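A closer look at the structure
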Amino acid sequence: ASTLAFGHNECPDPGVPINARRFGDNFQLGSSISVICEEGFIKTQGTETISCILMDGKVMWSGPIPRCGAPCGGHFSSPSGVILSPGWPGYYKDSLNCEWVIEAEPGHSIKITFERFQTELNYDVLEVHDGPNLLSPLLGSYNGTQVPQFLFSSSNFIYLLFTTDNSRSNNGFKIHYEINTYSCLDPGIPVHGTRYGHDFSIGSTVSFSCDPGYRLSHEEPLLCEKNHWWSHPLPNCDGKNELTSGTILSPGYPELYPNSLNCTWTVDVTHGKGKKCNCIPLPLYNQCSMGVGLRTPEDQSKFDIMQFHL
Ligand SMILES: [Ca+2]
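Along each chain, residues carry numbers from 1 onward, in the same order as the chain's sequence is written. Only residues with pLDDT of at least 70 get local features here, since the model is predicted, and only at 80 or more are side-chain atom pairs given and counted; chain-wide, interface and lining totals rely on the full set of residues.

An unreviewed UniProt entry annotates the protein as CUB and Sushi multiple domains 3 of Gopherus evgoodei.

1. Remarks on the overall build of the protein
A count of helices and strands for the protein gives 1 helix and 22 strands. The buried share of the protein, reckoned over its 310 residues, is 18%. The long-range fraction of contacts in the protein, counting pairs at least 24 apart against all pairs at least 6 apart in sequence, stands at 55%. Numbered from the N terminus, helices here are DSSP runs of H or I no shorter than four residues, and strands are runs of E no shorter than two. Put plainly, a residue is buried at 20 or more neighbouring C-beta atoms within 10 Å of its own, exposed at 12 or fewer, and partly exposed in between, counting only other residues' C-beta atoms, which are placed from the backbone. Throughout, a residue-residue contact means that the two C-beta atoms, derived from backbone geometry, are no farther apart than 7 Å.

2. A few points about the sheet that holds strand S14 (residues 157-163)
Within a sheet, neighbouring strands are paired by backbone hydrogen bonds and run either parallel or antiparallel to one another. For two strands to be treated as a pair, DSSP must find at least two bridges joining them. Spatially, 5 strands are ordered S7-S9-S14-S11-S12 in an open sheet, and the strand pairing comes out mixed. A strand with exactly one partner marks an edge of an open sheet, and here the two such strands are strand S7 (74-76) and strand S12 (138-142). Strand-to-strand, the axes of this sheet are offset by a mean angle of 10 degrees, without reference to chain direction. Bridge count between strand S11 (residues 125-129) and S12: 4 bridges; the pairing is antiparallel. Interaxial angles span 0 to 180 degrees and are taken between N-to-C directions of axes, which are lines fitted to C-alpha atoms, for helices over the stretch in contact.

3. Let's talk about the sheet that holds strand S13 (residues 150-152)
Strand order in the open sheet made by the 4 strands is S8-S15-S10-S13, with antiparallel pairing throughout. One side of each edge strand has no neighbouring strand; the edge strands of this open sheet are strand S8 (80-84) and S13. Averaged over all pairs of adjacent strands, the angle between their axes in this sheet comes to 20 degrees, without regard to strand direction. Inspection of the sheet shows strand S10 (residues 110-118) paired to strand S15 (residues 172-179) by 8 bridges, in the antiparallel sense. From the neighbouring strand, Ile112 faces S15, where its bridge partner is Tyr177.

4. Observations concerning the environment of Gly131
Structurally, Gly131 can be placed in the loop between S11 and S12. Each C-alpha atom, one on Gly131 and one on Phe157, is 4.5 Å from the other, the two residues being 26 residues apart in sequence. Once you skip the residues sitting within four places of it in the chain, Gly131 turns out to touch Ser136, Pro137, Ser155, Phe157 and Tyr159.

5. A short note on unusual backbone geometry
Along the chain, Trp88 connects to Pro89 via a cis peptide bond; the corresponding omega equals 5 degrees. Inspection of the secondary structure puts Pro89 in the loop between S8 and strand S9 (97-103). Not every positive phi belongs to a glycine, and Asp56 is a case in point at roughly 50 degrees. Structurally, the position occupied by Asp56 is in the loop between strand S4 (49-55) and strand S5 (58-61). Residue class for Asp56 comes out exposed when judged on the 5 C-beta atoms lying within 10 Å of it.

6. Concerning the pairing of strand S17 (residues 205-210)
Pairing analysis gives 4 bridges linking strand S16 (residues 193-196) to S17, with the strands arranged antiparallel. Each residue of the ladder has a partner; that of Gly193, found in S17, is Cys210.

The structure is reproduced here in structure tokens:
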């Protein structure tokens, strides 16, 4: 107890372990700190929480300072996560043989995104399989720096195998994965339309209708197919041969327009419908004065003339 009176009632500053966040700044006897690994890393030493205790007359941490590292392999089933090459952000080791499995609920697919990828060309290889193990179909085999941006599984598993030879290393990879909540992605809703059906699982269909005055570009419902893609693209709701809005560009836009022009654009406006024209003057086109003869529908006129004096 006398040592405590002299101020040695504090544990040593544990620092902030790399690849981790520390919670707690109090190192006094009786207090605790927690260390949470950053995404993709796991505890390689210690427990999440350590306390400053008195043991054998000494003030000390109850266990080793927690450390976090990127492991060789793992099993993932949370909705999203990060897979790092072992040793990340440092170089990976030689002679590795690391396996990761990502598992989603049956009927769901998995999307992986390559955020970083750099391995020794031809010798240090990451294989991605569409299924739970090495025997599942190969989605791709990657080395060097050539990777796609995304990969999608068609099954509810992805299996990754990283093998390295016995010399030369590199940064490795950082891969983000995401489990699709739906079997097919939200197909969206056409502009001026309505969607019927909220189930995007395999075998489900969704159909569409359009607001009055618009017609579906194709009537057939979309079917969520086994490969997690919809059977057709989203239909459009087309007006009756009319555009509801448009853009008129000066000749040669976005380059400078030629000199000595006298251009007329004709906008066909359905009788009785209002319209609005906006002219956006760009710095280069400082004479975007719409010398506009815009006649209103009340004129009983079928055509409206817009003239740009350039
Ligand atoms: Ca190598």
